[in-house]
Amino acid sequence: MTAKVIDGKAFAAGVRAQVAEHVARLREENGLQPGLAVVLVGEDPASKVYVKNKHASTVEVGMASFEHRRDASISEAELLALIDQLNADPKVHGILVQLPLPGHLNSELVINRIDPAKDVDGFHISNVGLLGTGQKSMVPCTPLGCLMMLRDHHGKLAGLNAVVVGRSNIVGKPMAQLLLGDSCTVTIAHSRTKDLAAVCRGADILVAAVGRPEMITGDMVRPGATVIDVGINRIERDGKAKLVGDVHYESAAAVAGAITPVPGGVGPMTIACLLANTLTACCRANGLAEPEGLTA
């Protein structure tokens, strides 16, 4: 068996096109322009690249982009005051604080200062609670992207056995909640799960989000299963830097029915879903119907 490759790059382009279409309609019919504010503290090279890409994508779909760059020496009080300012700004519908923050800042305190309705990362404790109890929330971008691709591939997910390998607050736990919401039977596994291979082989849907390079191998995959690889790991192989996922792609692709590659799988969906969440937040703030297919 050779797995179907789920092309996240192409899928994300389709999501961005849908978002752009909705944004244009909002401006034409309602005089509204969704706005995303990104806060970057310090000079972390990877964070600077992420923020640059988010700005370009935001502008590309016709949204307003507000960048707030602050020195790493900013005090917690100053950063919280900036978030208060953005919470009160009607032109800002989504707020994202780029992580990680410098060590002297309390990330949880900062994230939970964001208005939950503008928390387009879905990290605020209120959104975590709403998602966990099956209520309307802002959904973390990466799990949302995974859910969109799974729905597209399978149609209905009800009744399927899903195994999520990884228990992080950012991916593993919300991914499990979303799959439960679509009536999957869900198991959360992790690096300490007894006989992890056997647990994984019981999955119709296997989501790898454990943060260990190529930990999930082909002998852990049920024939015909759908494998979603969330991992992004930089390793050195044959003297060269290489980007790999949490899944050993070649062996898994020989067994699975469908699989996401790394790079070009889940990664591109994260920014696409950030834009979708900003659009959703704008619609909710103005009492308008949410765009279909762009939220959980």
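Heads up: the structure comes first, above all this text.
Nothing here was measured: the structure is a model prediction, and the numbers come from that model.

Quick notes on the rules
- Residues numbered from 1 in each chain as written.
- Predicted model: local features only at pLDDT ≥ 70, side-chain atom pairs only at ≥ 80, totals over all residues.
- Heavy atoms only, no water.
- Helix = DSSP H or I, 4+ residues; strand = E, 2+ residues; numbered from the N terminus.
- Rg over C-alpha atoms; globule rule 2.2 N^0.38 Å.
- Buried < 20%, exposed > 50% of the residue type's maximum accessible area, 1.4 Å probe, protein only.
- Contact = heavy atoms within 4.5 Å.
- Patch = residues over 30% accessible without salt bridge, like charges linked within 9 Å, V, L, I, M, F, W, Y side chains within 5 Å.
- Areas by Shrake-Rupley, 256 points an atom, 1.4 Å probe, with all protein chains shown as cover.
- Salt bridge = Lys/Arg side-chain N within 4 Å of Asp/Glu carboxyl O.
- Lys, Arg positive; Asp, Glu negative; His and termini not counted.
- Charge placed at Lys NZ, Arg CZ, Asp CG, Glu CD.
- Axes fitted to C-alpha atoms, helices over the stretch in contact; angles between N-to-C directions.
- Parallel < 35°, antiparallel > 145°, perpendicular 65-115°, else oblique.
- Left-handed = near helix turned anticlockwise from the far one by under 90°.
- Nonpolar A, V, L, I, M, F, W, Y, C, P; charged D, E, K, R; others polar.
- Pairing = 2+ DSSP bridges.
- Expected span 1.5 Å × (residues − 1).
- Polar contact = N/O pair within 3.5 Å; in protein donor to acceptor, adjacent residues only side chain to side chain.

Peer 1: Is there a simple way to think about the overall build of the protein in this case?
Peer 2: Along the protein, the regular secondary structure elements total ten helices and eleven strands. In summary, the protein has a C-alpha radius of gyration of 19 Å against a globular reference of 19 Å for 296 residues, a match within 12%. When its C-alpha atoms are laid out on the principal axes, the protein stretches across 50 × 45 × 35 Å. The buried share of the protein, taken over its 296 residues, is 48%. Of the contacts formed within the protein by residues at least 6 apart in sequence, a portion of 68% connects residues at least 24 apart.

Peer 1: It is not clear to me how a positive patch on the surface should be interpreted in this structure. Could you clarify?
Peer 2: Taken together, the side chains of Arg167, Lys173, Arg192 and Arg212 make up a positively charged region of the molecular surface. Structurally, Arg212 can be placed in the loop between strand 7 (205-208) and strand 8 (226-229).

Peer 1: Where do I start with the packing of helix 2 (residues 45-60) against helix 10 (residues 267-285) in this structure?
Peer 2: Packed helix pairs are specified by the crossing angle of their axes together with the interaxial distance, meaning the distance between the axes. Closest axis-to-axis distance for the helix 2/helix 10 pair is 10 Å, and the angle between their directions is 50 degrees. The pairing of helix 2 with helix 10 is recorded here as oblique in orientation. In the packing of helix 2 onto helix 10, the handedness of the crossing is right-handed. Contacts from Asn53, Lys54, Ser57 and Thr58 of helix 2 reach helix 10 at Ile271, Leu274 and Leu275. Looking at the contact of helix 2 with helix 10 residue by residue, the class counts come to three nonpolar, three polar and one charged.

Peer 1: Whenever I open this one, the sheet that holds strand 6 (residues 185-189) confuses me. Can you help?
Peer 2: Strands in a sheet are paired, the pairing made by backbone hydrogen bonds, and the direction either parallel or antiparallel. Spatially, the six strands line up as an open sheet ordered 1-11-8-7-5-6, and their pairing is parallel. Two strands lie at the open edges of the sheet, namely strand 1 (4-5) and strand 6, each paired on one side alone. Bridge count for strand 5 (residues 161-165) against strand 7 is four bridges, and the pairing is parallel. Across the sheet, Val165 pairs through a bridge with Ala208, a residue of strand 7. Of the strands in this sheet, strand 1, strand 7, strand 8 and strand 11 (258-259) touch helix 6 (residues 141-154), which is tilted by about 160 degrees from strand 8.

Peer 1: Teacher, can you tell me more about helix 1 (residues 8-30) here?
Peer 2: Working note: α-helix, 3.6 residues per turn, so residues spaced by three or four point in the same direction. For helix 1, spanning 23 residues, the distance from its first C-alpha to its last is 32 Å, which sits close to the expected 33 Å at 1.5 Å a residue. The backbone nitrogen of Lys9 lies 3.1 Å from a side-chain oxygen of the residue at the head of helix 1, namely Asp7. Where helix 1 ends, the next residue or the one after it, Gly31, has phi of about 65 degrees, a positive value.

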